[in-house]
Amino acid sequence: MTYRDIDPQIDRWVERHRLSLSTSWQGAEVRNVYVSSVAGECFQIWIDVPSDGHVWIHAAGVESRRDDHPPEDWFVSVNAFDEALEEVFQAVTAWMLPSKRHFPD
């Protein structure tokens, strides 16, 4: 499997939540977004290449109160990927409380 197998779901998720998707880092193919709060905290969500019908999704604080926490990980079937992306996004926005999500201009 490759990212092409899940890119349509990622693209819809990115559009729905007005995220900016990175697809390359240091010459490697990636799928990564950053989400910021009004309070100035930053969180990262990244998605591994799917393998054997499953995919890992990870989330962590980058510049936040969660910097000392390990990343949280979700391991889901490709069939449950859409729902898992939403679950991860909701978890990250909950980490921002009592602040809210910042939408860049």
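Presented here is an overview of the structure given in this document. Every value quoted in this text rests on a predicted model; they were computed, and no experiment measured them.

What follows deals with the sheet that holds strand E1 (residues 22–25). The pairing of strands in a sheet comes from backbone hydrogen bonds and takes either a parallel or an antiparallel form. The sheet built from five strands is open, its strands ordered E1-E2-E3-E4-E5 with antiparallel pairing. The sheet is open, and its two borders are formed by E1 and strand E5 (72–77), each paired with just one other strand. Within the sheet, the average angular offset between the axes of one strand and its neighbour, ignoring direction, is 30 degrees. Looking at chain direction, strand E3 (residues 42–47) and strand E4 (residues 54–63) are connected through six bridges and run antiparallel. When the bridges of E4 are listed, Phe 43 appears paired with Gly 61. Seen against the sheet, helix H1 (residues 7–16) touches strand E2 (28–36) and E3 and runs at an angle of roughly 20 degrees to E2. Helix-sheet contacts for helix H2 (residues 81–95) involve E2, E3, E4 and E5, and the interaxial angle to E4 is about 15 degrees.

For the rest of this paragraph, the subject is H2. For H2, with 15 residues, the first-to-last C-alpha span of 21 Å sits near the 21 Å given by 1.5 Å per residue. Of all the positions in H2, only Phe 81, Ala 84, Leu 85, Val 88, Phe 89, Ala 91, Val 92, Thr 93 and Trp 95 are classed as buried. Against the buried residues of H2 lie H1, E2, E3, E4 and E5.

Cut-offs and rules
Residues numbered from 1 in each chain as written. Predicted model: local features only at pLDDT ≥ 70, side-chain atom pairs only at ≥ 80, totals over all residues. Heavy atoms only, no water. Pairing = 2+ DSSP bridges. Helix = DSSP H or I, 4+ residues; strand = E, 2+ residues; numbered from the N terminus. Axes fitted to C-alpha atoms, helices over the stretch in contact; angles between N-to-C directions. Contact = heavy atoms within 4.5 Å. Expected span 1.5 Å × (residues − 1). Buried < 20%, exposed > 50% of the residue type's maximum accessible area, 1.4 Å probe, protein only.

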